[in-house]
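Residue-level structure breakdown
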Amino acid sequence: MSVPIVRTVAELRTVVAGWRRSGASVAVVPTMGALHEGHLSLVRAALQQADQVIVTLFVNPKQFNSAADLTAYPRTENQDAAKLVPLGAHLLYVPDAEEMYPAGFATTVSVAAIGESLCGAFRPGHFDGVATVVAKLFLQTGADFAFFGEKDFQQLQLVRRMVKDLDIPTTVVACPTVREVDGLALSSRNVRLSPAERAIAPKLASVLVETAERLARGGPLLATLAEARAATLAAGYREVEYLELRGEADLQPMTSVDRPARLLVAAWLGDTRLIDNVTTSPIGSTN
Ligand code: AMP
């Protein structure tokens, strides 16, 4: 058994047109491959929702702002395809860079505000690359539903904004972050961690959870965030790019937990950049 693979827009459109003729609904799960349980949870959710599920594997050069990071990114197509068989995914779409960005390609999709802060401030061009490729994947697949992980919370909100602004008829569905038993959020980049770094890594999630609880109880914002950054560094992280509280829906800065919020972090552990986030709401809130 294997999952059929298509590599061109034309082949993809032919398969989807056949599904459409039989009245099937279609979901897409965009990924950069090196599939882990986080990705597979999205595929399972998509299979619950739609008749036909397309998983895309594309290491998108436009969203890498470091050539070294792009080169080092794991590429494991055969293993990825094997992982999708028992789930029952219907199609794997694996375009190469020339198929996605043929000679003369000149269009960029850019989402202001949401794309400029947090990761956007530290990774220039990253979210333009994300928005551009996700818009293309939505148009290429014509999917009714698209599944994204909360692990990349800023990306999720950026895609939601783009879909709204451009009237793209694809419903974005968010899935919770899948974690290791010690709390570390699953990520394709975790394989780069040395054993010593891997032992330190889960501290990021535990700092977030503790900080979210303190803020929800009304802890002072600036001092609590400063302590969280210090605790992350004390655990062995090399640098904290940001550790901030933002509004859940708009990702705007907040001065206290007076409405549903997200605590988001990006930090370097050795040469590996990890991101994570947790939700927090005022104590007593029903949200
Ligand atoms: P990536 O391949 O890292 O670009 O991720 C592809 C999709 O999988 C994105 O929607 C991510 O948010 C999602 N994803 C990555 N890691 C996790 C995780 N640990 N839990 C849930 N979703 C995830």
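Residues numbered from 1 in each chain as written. Predicted model: local features only at pLDDT ≥ 70, side-chain atom pairs only at ≥ 80, totals over all residues. Heavy atoms only, no water.

**Things to note about the UniProt feature "binding site: (R)-pantoate" (unreviewed entry) in the protein chain**
This chain's UniProt record puts "binding site: (R)-pantoate" (unreviewed entry) on Gln63 and Gln155. A maximum C-alpha distance of 11.3 Å among these annotated residues, which run over 93 residues, shows that they cluster at one spot. Note on placement: glutamine 63 falls in the loop between β3 (52–57) and α3 (67–72). When its relative accessible area of 9% is taken as the criterion, glutamine 63 is described as buried. Residues within four places of glutamine 63 in sequence aside, it is in contact with Met32, Arg123, His126, Gly129, Val130 and Val133. Here glutamine 155 shows up in helix α8 (residues 153–165). Beyond its immediate chain neighbours, meaning those up to four positions away, glutamine 155 contacts Phe127, Val130 and Phe148. (UniProt positions renumbered as here; feature names shortened; annotations may be inferred. Helix = DSSP H or I, 4+ residues; strand = E, 2+ residues; numbered from the N terminus. Buried < 20%, exposed > 50% of the residue type's maximum accessible area, 1.4 Å probe, protein only. Contact = heavy atoms within 4.5 Å.)

**Details of the UniProt feature "binding site: beta-alanine" (unreviewed entry) in the protein chain**
Here, UniProt's "binding site: beta-alanine" (unreviewed entry) annotation points to Gln63. At a separation of 3.0 Å, a polar atom in the side chain of glutamine 63 contacts the side chain of asparagine 60. (Polar contact = N/O pair within 3.5 Å; in protein donor to acceptor, adjacent residues only side chain to side chain.)

**So, the site of the ligand**
Neighbouring residues of the ligand: 17 residues in total, closest His39, Gly149, Asp152, Val178 and Leu186. In the environment of the ligand, a nitrogen atom lies 2.8 Å from a nitrogen or oxygen atom belonging to the backbone of valine 178. With the chains in place, 94% of the 480 Å² that the ligand exposes on its own is no longer accessible. Those elements that provide at least two residues to the shell around the ligand are β2 (26–31), α2 (37–49) and β5 (145–149). In terms of residue count, the dominant contributor to the shell around the ligand is α2 (3 residues). (Near = heavy atom within 4 Å. Areas by Shrake-Rupley, 256 points an atom, 1.4 Å probe, with all protein chains shown as cover.)

**Structural notes on the packing of helix α10 (residues 203–216) against helix α11 (residues 221–235)**
Each pair of packed helices gets described by two things: the angle between the helix axes and the distance between those axes. The contact between α10 and α11 brings their axes to 10 Å, and the two run at 165°. Taken together, the axes of α10 and α11 lie roughly antiparallel to each other. When the axes of α10 and α11 are compared, the crossing they make is right-handed. The residues of α11 that touch α10, namely those facing Lys203, Leu204, Val207, Thr211, Arg214 and Leu215, are Leu221, Thr224, Leu225, Glu227, Ala228, Ala231, Thr232 and Ala235. Residue classes in the contact of α10 with α11 are distributed as 8 nonpolar, 3 polar and 3 charged. (Axes fitted to C-alpha atoms, helices over the stretch in contact; angles between N-to-C directions. Parallel < 35°, antiparallel > 145°, perpendicular 65-115°, else oblique. Left-handed = near helix turned anticlockwise from the far one by under 90°. Nonpolar A, V, L, I, M, F, W, Y, C, P; charged D, E, K, R; others polar.)

**Focus on the sheet that holds strand β4 (residues 91–93)**
Here we have 6 strands laid out as an open sheet, ordered β1-β4-β3-β2-β5-β6, and parallel in their pairing. Whereas interior strands pair on both sides, the edge strands pair on one side only; in this sheet they are β1 (5–6) and β6 (171–175). Two elements, β2 and β5, share 2 bridges in a ladder whose sense is parallel. Looking at β5, one finds that valine 28 is bridged to alanine 146. Each of β1, β2, β3 and β4 touches helix α1 (residues 9–21); the most contacted strand, β4, lies at about 150° to it. Sheet contacts for α2: β2, β3, β5 and β6; angle to β5, the most-contacted strand, approximately 155°. (Pairing = 2+ DSSP bridges.)

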